[in-house]
Amino acid sequence: MVRLSNYFLPLFGTALFSQGTHAYDYLSHAKSGSDALMHWYNQDTGVFNGTGWWNSAECLTALAEMQAVDPKSDFLDTLHNTFEINKDVMTTKSDFYDDEGWWALLWIKAYDLTHNQLYLDAAEQLFDDMAKGWTTKCNGGIWWDKDKTYVNAIANELFLSVAAHLARRTWDIKYLNWAVKEWKWFEQSGMINENKTINDGLDGSCKNNGYTVWSYNQGVILGGLVELSKASFDDSYIHTAKDIAYAAIYQLTDSNGILHETCEKGCGGDVSQFKGIFMQQISQLYTATSDHGLKQFLEINAQSIWKNDRDSQNRLGLKWSGPFDKADASTHSSALMGLIAAASVQGV
Ligand SMILES: *[C@@H]1O[C@H](CO)[C@@H](O)[C@H](O)[C@H]1NC(C)=O
Ligand SMILES: *[C@@H]1O[C@H](CO)[C@@H](O)[C@H](O)[C@H]1NC(C)=O
C-alpha cells in the first residue's frame, strides 16, 4: 500500500510525534464521553432524548462498547432497563429493516457482555423479521423498508453482519448460509463502485444509484466480513474488508486524516450518527488484522475529536475537525464511538 505511507507520513511528523501519543489518554476520554452521554438518557422510555429510535440503539452500543473496553464501567443496568421497556416492540416499532439490524447488533453485544440468553433470543427474532424482507426484485438482497420501496446498502450490510454474528454465537448453519448468500449478492450488486467505495443503494432498475458515499456504508460491511471470515474460517473476506476500509480512509478524510461526511454544514439527525459507526467497525477490522494504518486512523480522529470538537461539559459535536458547534445525543454518541474505538486498540 504505497499510498498509505504517503498519506500518513505527514501525520507521523506532526500530530503523532510532536504531541506524542502519550499526551492522549484514550481510555479516560472515552470514559468521560460515556458519562456525558447519560445526560440524554431517559430512564422511563429507555431511549435517548432528542434523537431517533435507531440512534438510541447506537447510543447504547457505545455504552456497551465502553463496558467491554473497561469492565469497571456501570452500563449493564442501563442496557437492561432499555431491554425491559422495549423488548416487546423490537420488531414492530419501526418500518425499516435497517433499524432492526442496529438493535440486533446491540443485543448481540449485550449478550457477549452478559451471556444473558434473552438478548440473543431478541437478536434472533430481529434477524428473522429482517429475513422476511428478502426480495427477488434485484435477484436478492433485502428491502430497506417494510413498504418495499428501496433496496439499499445499509440494510443489506446489517443483514450480513447480524447473520455472521449469529452464526458464531448459535452455530446454527442457517445463519452462515444467509451470511454467505447475502455477501455473494452484495458483492455483485453494483453498490461497490469502481473506487471501492459503496454508494447508498440501487435505483428502480437495480443499478447503482450513485447516491452519497456515506461513511457508515463503508463501515458496517467491515464488521460483517470480519465475522463471516471467523464463522467460515476464510481469510479472503478480511482482504476484501481491508480494501474497502482503505478506499474510504483515502476518500472520506481531509488532509489531516480526519473523517468527514459531505453534508457537515447541515447533516440531518441520521447522518450525524454515521462516522462513529465507521470508527467502531475499523476497530473491529484492526482487531482482526493488527494493521497499523487502521490504528493510526483511529488515533488521529480520536485526538481531533477531543481537542477540537468538545465543549466544557465534554459534549461532542458533528465536525470532528472542529470547531465545536452544538451537540445532541446523536453527534455525541457518534464521536464517542470514535473515542472508544481508539481506546479499544491501545496496547493491542
Ligand atoms: C427527556 O424528555 C422528557 C420528556 O420531555 C423529560 O421529562 C425528561 O426530563 C428528559 N430527560 C432527560 C434526561 O433529558
Ligand atoms: C471515483 O472517484 C473519482 C475521483 O474522486 C470521481 O470523479 C468518480 O465519480 C468516482 N466514481 C464513482 C462511481 O463514485
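Residues numbered from 1 in each chain as written. Chains lettered and ligands numbered in written order. Predicted model: local features only at pLDDT ≥ 70, side-chain atom pairs only at ≥ 80, totals over all residues. Heavy atoms only, no water.

For the chain, an unreviewed UniProt entry supplies the name Six-hairpin glycosidase and the organism Aureobasidium pullulans.

Asker: Where do I start with the site of ligand 1 in this structure?
Answerer: Close to ligand 1 lie His39, Tyr41, Asn42 and Asn49. When isolated, ligand 1 has an accessible area of 360 Å², and the protein chains bury 32% of it. Residues of the shell around ligand 1, tallied by class, amount to 1 nonpolar, 3 polar and no charged. (Near = heavy atom within 4 Å. Areas by Shrake-Rupley, 256 points an atom, 1.4 Å probe, with all protein chains shown as cover. Nonpolar A, V, L, I, M, F, W, Y, C, P; charged D, E, K, R; others polar.)

Asker: Explain the state of the cysteines here, please?
Answerer: A covalent bond between the sulfur atoms of two cysteines is what we call a disulfide. In this structure the tally under the stated criterion is 2 disulfides. Covalent S-S linkage joins Cys138 and Cys206, the inter-sulfur distance amounting to 2.1 Å. Because the sign of the S-S torsion sets the handedness, a value of about -80 degrees for the bond joining Cys138 and Cys206 places this disulfide among the left-handed ones. With Cys138 in the loop between α6 (117-131) and α7 (153-170) and Cys206 in the loop between α8 (173-187) and α9 (215-232), the pair connects residues that are 68 residues apart, well separated along the chain. Using a relative accessible area of 22% as the deciding quantity, one classes Cys206 as partly exposed. (Disulfide = S-S within 2.5 Å. Helix = DSSP H or I, 4+ residues; strand = E, 2+ residues; numbered from the N terminus. Buried < 20%, exposed > 50% of the residue type's maximum accessible area, 1.4 Å probe, protein only.)

Asker: Got a minute to help me understand the site of ligand 2 in this structure?
Answerer: In the vicinity of ligand 2, the contacting residues are Asn193, Glu194 and Asn195. Contact distances for ligand 2 include 3.3 Å between a nitrogen atom and a side-chain N or O atom of Glu194. A distance of 2.2 Å is found between an oxygen atom of ligand 2 and a side-chain nitrogen or oxygen belonging to Asn195. Burial of ligand 2 by the surrounding chains reaches 34%, relative to a free accessible area of 370 Å². (Polar contact = N/O pair within 3.5 Å; in protein donor to acceptor, adjacent residues only side chain to side chain.)

Asker: Help me understand the pattern of salt bridges, please; the structure alone is not making it clear to me.
Answerer: Charged atoms that come close allow side chains of opposite charge to pair. Tallied over the full model, the rule gives 15 salt bridges. Residue Lys31 pairs with Asp70 through a salt bridge whose shortest N-O separation is 3.5 Å. Separated by 39 residues along the polypeptide, Lys31 in helix α2 (residues 26-37) and Asp70 in the loop between α3 (53-69) and α4 (76-86) bring together distant segments of the chain. Since its relative accessible area comes to 7%, Asp70 is described here as buried. Among the ionic pairs, Arg169 bridges to Glu227, the shortest N-O distance being 3.2 Å. One end of the pair, Arg169, is in helix α7; the other, Glu227, is in helix α9, with 58 residues separating them in the sequence. Put simply, Glu100, Asp129, Lys132 and Lys146 are held in one network by salt bridges that share partners. (Salt bridge = Lys/Arg side-chain N within 4 Å of Asp/Glu carboxyl O.)

Asker: Just checking my understanding: could you explain helix α11 (residues 274-289) for this structure?
Answerer: Since the α-helix turns once every 3.6 residues, residues separated by three or four places project in the same direction. Taking 1.5 Å as the rise per residue, α11 with 16 residues should run 22 Å; its terminal C-alpha atoms sit 23 Å apart, in good agreement. Buried residues of α11: Phe274, Lys275, Gly276, Ile277, Phe278, Met279, Gln280, Gln281, Ile282, Ser283, Leu285 and Tyr286, and no others. Here the buried face of α11 lies against α3, α5 (97-114), α9, α10 (236-251), α12 (292-308) and α13 (329-344). A positive phi of about 55 degrees marks Ser290, the residue just after α11. (Expected span 1.5 Å × (residues − 1). Contact = heavy atoms within 4.5 Å.)

Asker: How should the packing of aromatic side chains be read in this particular structure?
Answerer: Note on aromatic pairs: each is described by the distance of the centres and the angle between the planes. Evaluated as defined, the whole model comprises 25 aromatic pairs. An aromatic cluster of three or more residues is present, and its members are Trp53, Phe83, Trp103, Trp107 and Tyr119. We note Lys93 situated over the ring of Trp53; from NZ or CZ to the ring centre the distance is 4.7 Å. Over the face of the ring belonging to Trp320 we find Lys275, whose NZ or CZ atom lies 4.8 Å from the ring centre. (Phe/Tyr/Trp six-rings, centres within 6.5 Å; stacked < 30°, edge-to-face > 60°. Lys NZ or Arg CZ within 6 Å of the ring centre and 35° of its normal.)

Asker: Sorry, what's going on with the environment of Tyr111 here?
Answerer: Along the chain, the position of Tyr111 falls in helix α5. Sequence-distant contacts of Tyr111, that is, excluding residues within four places in its chain, are made with Asn116, Gln117, Tyr119, Leu120 and Arg169.

Asker: What am I meant to see in the packing of α11 against α12 here?
Answerer: Each packed pair of helices is defined by two parameters, the angle between the axes and the distance between the axes. Here α11 crosses α12 at 145 degrees, and the two axes come no closer than 9 Å. In this structure, the crossing between α11 and α12 has a hand that is left-handed. Counting all contacts with α11, which are made through Phe278, Met279, Ile282, Ser283, Leu285, Tyr286 and Thr289, the residues of α12 involved are Leu294, Lys295, Phe297, Leu298, Asn301 and Ala302. When the residues that make up the contact of α11 with α12 are grouped by side-chain class, the tally is 9 nonpolar, 3 polar and 1 charged. (Axes fitted to C-alpha atoms, helices over the stretch in contact; angles between N-to-C directions. Left-handed = near helix turned anticlockwise from the far one by under 90°.)

Asker: Whenever I open this one, the side chain of Asn156 confuses me. Can you help?
Answerer: Here Asn156 lies in helix α7. What Asn156 contacts, discounting residues up to four positions off in sequence, is Gly141, Ile142, Val151, Glu182, Trp185 and Phe186.

Asker: Please clarify how unusual backbone geometry should be interpreted in this entry.
Answerer: Where the residue is not glycine, phi is negative for most of them; where a peptide bond is considered, it is trans in most cases. A cis amide bond links Gly322 with the next residue in sequence, Pro323, at an omega value of -5 degrees. Looking at the secondary structure, you find Pro323 in the loop between α12 and α13. Positive phi outside glycine occurs at Asn139, with the angle close to 60 degrees. You can see Asn139 is positioned in the loop between α6 and α7. Taking the relative accessible area as the measure of exposure, Asn139 reaches 72% and is therefore exposed.

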